[in-house]
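The primary structure of each chain is shown beneath.
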Amino acid sequence: MATQPRRRSMSVPARLAVLLLAAGCGGAHGGAHAQRVIEWHDASINTVSRPAVGSGVTAVTALLPDGRLQTVAADVTDGKQLWAHPATIAGRPAAMGVAPPAVAGPPGRAVVASV
């Protein structure tokens, strides 16, 4: 009995990239739908979670050189670090990775939570 080679599906990040690309290709351009692209990079933070963005800030969980975790919040427009506080992960299997913090609230009054 001949077997067919198994088809490999796209990885989750690749699927997400395709969806985001497709979403960006349709609809009206400019006007109310235009978004300003903000570009900055902070190589001093060893990020171990996805970034959470909202209310004018971005927050990530980062790994310190000694192995401890911290939640770091930065201004989304210029990348200036606003604060960093120790973070812990309890009861989460290592295979699940590090959950990103959550950001909520009105601009200028952001609330960042990490659970």
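**A few points about the pairing of strand β4 (residues 81–87)**
And then number 1: Here strand β3 (residues 69–75) runs beside β4; their pairing, made up of 6 bridges, is antiparallel. In the strand pairing of β4, Thr-71 is matched with His-85.
And then number 2: The turn joining β3 and β4, which pair antiparallel and follow one another in sequence, is formed by 5 residues; a positive phi near 80 degrees is taken by Gly-79.

**Overview of the pattern of salt bridges**
Side chains that differ in charge, positive against negative, can pair when their charged atoms come close.
And then number 1: In this structure the tally under the stated criterion is 1 salt bridge.
And then number 2: The salt bridge partner of Arg-68 is Asp-66, with a shortest N-O separation of 2.7 Å.

**Remarks on the sheet that holds β4**
And then number 1: Taken in spatial order, the 4 strands of this open sheet run β1-β2-β3-β4, and their pairing is antiparallel. Single-partner strands in this sheet number two, and they are β1 (52–54) and β4. The average angle at which neighbouring strand axes cross in this sheet is 20 degrees, direction not considered.

**Describing the confidence of the model for the protein chain**
And then number 1: Looking at the protein chain, the pLDDT average stands at 76 and 68% of residues meet or exceed 70.
And then number 2: In the predicted structure, residues 5–30 sits below a pLDDT of 50 and forms 5 contacts with residues beyond four places in sequence or in another chain.

How each quantity is defined
- Residues numbered from 1 in each chain as written.
- Predicted model: local features only at pLDDT ≥ 70, side-chain atom pairs only at ≥ 80, totals over all residues.
- Heavy atoms only, no water.
- Pairing = 2+ DSSP bridges.
- Helix = DSSP H or I, 4+ residues; strand = E, 2+ residues; numbered from the N terminus.
- Salt bridge = Lys/Arg side-chain N within 4 Å of Asp/Glu carboxyl O.
- Axes fitted to C-alpha atoms, helices over the stretch in contact; angles between N-to-C directions.
- pLDDT = per-residue confidence, 0-100.
- Contact = heavy atoms within 4.5 Å.

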